[in-house]
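Listed below, chain by chain, are the residues.
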Amino acid sequence: MTAILIAPSHPTALYAGRELARYLEKMTGGIYGVFTKNVPAELPAIRLETAPERFSVADPALDDAVEIALEKGCGSIFATNPRALLIGVYRALRGLGCRFLRPGAGGETVPALPSAQITLSLRETASFRHRGAVIEGGDSVENVLDFIEWLPKVGYNSFFTQFMSISNFLKNWYSHNRNPYLDAEEVDAALLGRYEEQIWDAIALRSILHHSVGHGWTCEPLGIEGRGWDAVEIEISDENRALLAMVDGERGLFHSVPSITNLCYSNPVARQKICDYAVGYLKAHPGVRYLNLWLADSIHSFCECENCRQKSPTDWYLLLLNELDRRLTEEGIDTRIVFLLYFDLLFPPVSETLENHDRFVLMFAPISRPFSQSFADFKAGSPPPPYELNKTPIPRSIEENLACLKAWQDKLQGDGFTPDSFDFDYYMGRAHYGDPGYCAIAKIIDRDVSELSRLGLNGILSCQELRASYPTGLPGYMLALKLWDSSLTYGQIAGEYFAAAYGEKGGEVQALLEEVSSCFDTDFWFRGEPADRPDLAKRMEAALPLAQKARALAESASPANGCEAVSFKHLRLFDQYLTHYAKALICCAKNDAAAGYAHWQEFLDFLWSHENAVQQAMDVFRIEVIARNSLFRGC
């Protein structure tokens, strides 16, 4: 037996020890025991220890660094905090040849290795503090738990549970919305609550930095549920109506959707209700490390009453944030507040500033950006124009978005504040479906991460479907490894991925999928502009023969392990996926939306009928919703 000694005893450190024992037993066939004390002197040992004093980082509780020294099956792993210790265990396993390609069963490879070859020496500090994902789409509880388990295996350290409850994301799966081949599953509120408890427990077990809420602050404090983006028909009391934003002369729910409705922020009662609710939420959820307090998820919906016109929406926002900070300080709550640069709030404040610099983290969310280009292609352009209430166009280009970020940074730095900050981006939230080969979006991720330091950003949280591994999990893998070590290149990470996923055929599959990606324009998919693109139609037609090539590659393969078997199973279905998808978009690029929609219905029927076969890898609900709201709006 080899002893794994944990010091000090901590639930996440103990979990890290059990994980190291589990994988080393798989690799070596040996026996490993986890100890917190009284290790028999005759046993060889690996020591796992949280030792922040060994590292030079800004904040050992938030910044992850590891030191691994293993020789012939013995040695040590040190880290800045228990979460980093768990990441360090997986980093050691990766260094020994394990690969964690995607969440769920069949997503990893574990090599056979004699214990005498368990030798590795490295010392690494994560390139960025913020490295994580945000739940979107539709998921079973197993999908979410698999994803959370996978996060530290590839170096991610954060997870974001959106809204006051993530029940709607679970319902999106269990209802099997719009899939005629699957019956809805019975999940009541009590069961969803138990599922959510399991998810929160899984986050806590791994000491993952827990972000929460984001949307919902402009309705839930008024007793109006807002846990999605659907329109509702509800009675609004006179008391609540007086707190809602006045838009076009009326106070009410903006387009009948609570989560996209702003409040009258000049009204101190509205601000107090948000602060009271936030204090209550954090008392009930002490595990939340970052509370994301955002305003309505809509454009040009701010209050136009006489009082609200006295300040810009961003100034009212900062005033609210400062009030919440003071309340949390009074309550002895040290949770950090994430404030949002998004839609109208991309335009910087004029008069207000944030007071408690230790409390706030800046989140840059350029949702309108294109994904056929990278941050690396631009520097900030001309300063954004002065903001005119509910009229100034929202930035759409990368250059315009970066100009808003720079204006915010200049304003805050002029106030003596250089905030911790991160990019909140959407690579796998919608854009990836426009790149069926998944290689073009992975290249954008690689280039974007390389630019973060130049932009003054300390990482990325990826707002995404958790099931985003079809045909491969390369984009999520790329983001994880690049955020951990920004010196890595696309070629290194992609080569490693394809070799592990497809074995001896890895190079051929990589070349094929890169060629598939070159046939498409990611932005055409979800931005849908312009519609008449004969040049693009011709490019996409070149993808059709590649579909048969993908199937031939899959059918000629002899998978060496379960991971390769799953990879080739997905590739075997990819010919039909790519054929239906390309035909639909070719018609759209030829400005024939009706024919495109007919092919799209064939595509959806294929996906629905094969959903169980690709369930872990593809969020069919989400691709249908996005298409309905982009290319096929009105069809």
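Calculation rules
Residues numbered from 1 in each chain as written. Predicted model: local features only at pLDDT ≥ 70, side-chain atom pairs only at ≥ 80, totals over all residues. Heavy atoms only, no water. Salt bridge = Lys/Arg side-chain N within 4 Å of Asp/Glu carboxyl O. Helix = DSSP H or I, 4+ residues; strand = E, 2+ residues; numbered from the N terminus. Buried < 20%, exposed > 50% of the residue type's maximum accessible area, 1.4 Å probe, protein only. Phe/Tyr/Trp six-rings, centres within 6.5 Å; stacked < 30°, edge-to-face > 60°. Contact = heavy atoms within 4.5 Å. Pairing = 2+ DSSP bridges. Axes fitted to C-alpha atoms, helices over the stretch in contact; angles between N-to-C directions. Core = buried A, V, L, I, M, F, W, Y, C linked by side-chain atoms within 4.5 Å. Parallel < 35°, antiparallel > 145°, perpendicular 65-115°, else oblique. Left-handed = near helix turned anticlockwise from the far one by under 90°. Nonpolar A, V, L, I, M, F, W, Y, C, P; charged D, E, K, R; others polar.

Some details on the pattern of salt bridges
Enumeration over the complete set of coordinates arrives at 42 salt bridges. The salt bridge partner of Arg622 is Glu465, with a shortest N-O separation of 2.8 Å. With a gap of 157 residues between them, Arg622 in helix α19 (residues 620-629) and Glu465 in strand β18 (residues 459-465) connect regions that are remote in the sequence. In this structure, the salt-bridge partner of Asp619 is Arg467, at a minimum N-O distance of 3.5 Å. With Asp619 in the loop between α18 (593-609) and α19 and Arg467 in the loop between β18 and α11 (474-484), this pair connects stretches of sequence that are 152 residues apart. Assessed through its relative accessible area of 0%, Asp619 is described here as buried. Accessibility expressed as a relative area gives 1% for Arg467, which makes it buried. In this structure, a network of salt bridges that share partners links the residues Glu19, Arg22, Lys26, Glu108, Glu149 and Lys153.

Here's the deal with the packing of aromatic side chains
The final tally for this structure, using the stated rule, is 40 aromatic pairs. Pairing Phe498 with Tyr502 gives two aromatic rings, centres 5.9 Å apart and planes at 20°, and the pair type is stacked. Of the two residues, Phe498 and Tyr502 are both situated in helix α12 (residues 490-502); the distance of four residues between them amounts to about one turn of the helix. With respect to burial, Phe498 and Tyr502 carry one shared label: buried. Taking the centre distance of 5.6 Å and the plane angle of 55° together, the rings of Tyr597 and Phe632 count as tilted. In this pair, Tyr597 is assigned in helix α18 and Phe632 in the segment after α19, connecting sequence segments 35 residues apart. In this structure Phe632 comes out as buried when scored by relative accessible area, which is 2%.

Re the side chain of Lys505
Assignment of secondary structure puts Lys505 in the loop between α12 and α13 (506-518). By relative accessible area, Lys505 is classed as buried at 15%. Beyond its immediate chain neighbours, meaning those up to four positions away, Lys505 contacts Leu553, Ser556, Ala557 and Phe568.

What about the sheet that holds strand β1 (residues 2-7)?
Across the sheet, which stays open at both edges, the six strands sit in the order β2-β1-β3-β5-β4-β8 with mixed pairing between neighbours. Across the chains shown, the open sheet's two edge strands, defined by having one partner strand only, are β2 (32-35) and β8 (120-125). In this sheet, neighbouring strand axes are inclined to one another by 10° on average, regardless of whether the strands run parallel or antiparallel. Across the face of the sheet, helix α1 (residues 11-28) comes into contact with β1, β2, β3 (45-50) and β5 (74-79) while running at roughly 170° to β2.

Here we look at the nonpolar core
Judged by nonpolar contacts, the single largest core of 226 residues is most densely connected at Leu48, Leu93, Phe159, Phe339, Phe424, Trp525 and Trp600. A total of 14 residues in this core trace back to one element, the largest contributor, which is helix α17 (residues 562-589). Excluding residues that lie within four positions of it along the chain, Trp600 makes contacts with Trp525, Tyr581, Ala584, Leu585, Ile623, Ala627 and Phe632. Formed by five residues, the second largest nonpolar core is a distinct cluster that contains Ala51, Val57, Ala65 and Phe78.

Let's talk about the pairing of strand β11 (residues 209-214)
For a regular strand, side-chain orientation follows a simple rule: the groups alternate between the two sheet faces. Across the six residues that make up β11, a large majority, six, are buried. In the sheet, strand β10 (residues 158-162) pairs with β11 via five bridges, with the strands oriented parallel. Looking at the pairing, Ser158 lines up with Leu209 of β11. For β11 and strand β14 (residues 290-293), the ladder comprises four bridges, and the chain directions are parallel. Looking at the pairing, Ser212 lines up with Leu291 of β14.

As for the environment of Pro349
Tracing the backbone shows Pro349 in the loop between β15 (336-341) and β16 (360-364). Taking the relative accessible area as the measure of exposure, Pro349 reaches 7% and is therefore buried. Sequence separation of Pro349 and Leu182 is 167 residues, and the distance between their C-alpha atoms is 49 Å. Setting aside residues no more than four positions away along its own chain, Pro349 makes contact with Thr314, Asp315, Leu318, Trp408 and Lys411.

A look at the sheet that holds β14
Hydrogen bonds between backbone atoms are what pair the strands of a sheet, whose relative direction is either parallel or antiparallel. Spatial ordering of the closed barrel is given by β9-β10-β11-β14-β15-β16-β17-β18, a layout of eight strands whose pairing is parallel. Neighbour-to-neighbour, the strand axes of this sheet turn through a mean angle of 25°, independent of strand direction. Summarising the sheet, β16 and strand β17 (residues 420-425) pair through four bridges and their orientation is parallel. From the neighbouring strand, Phe364 faces β17, where its bridge partner is Asp423. Sitting on the sheet, helix α3 (residues 141-150) is in contact with β9 (130-136), β10 and β18, with an inclination near 155° to β10. Set on the sheet, helix α8 (residues 313-331) makes contact with β14, β15 and β16; between it and β15 the angle comes to about 175°.

Some details on the packing of helix α7 (residues 268-284) against α8
Remark: α7 packs on α8, axes separated minimally by 10 Å, with the N-to-C direction vectors making an angle of 40°. Comparing the axis directions of α7 and α8 gives the class oblique. α7 and α8 meet at a crossing whose hand is right-handed. Judged by residue contacts, Arg271, Ile274, Cys275, Asp276, Ala278, Val279, Leu282 and Lys283 of α7 engage Trp316, Leu319, Leu320, Glu323, Leu324, Arg327, Leu328 and Glu331 from α8. Of the residues in the contact of α7 with α8, the class split is 10 nonpolar, no polar and six charged.

Some words on the packing of α1 against helix α2 (residues 82-95)
Two numbers describe how α1 lies on α2: the axes approach to 8 Å, and their chain directions differ by 10°. With respect to α2, the axis of α1 lies roughly parallel. Along the contact surface, α1 presents Thr12, Ala13, Tyr15, Ala16, Glu19, Leu20, Tyr23, Leu24 and Met27, while α2 presents Pro82, Arg83, Leu85, Leu86, Val89, Tyr90 and Leu93. Within the contact of α1 with α2, the residues separate by chemical class into 13 nonpolar, one polar and two charged.

Shape is all these values report; function is a separate question.
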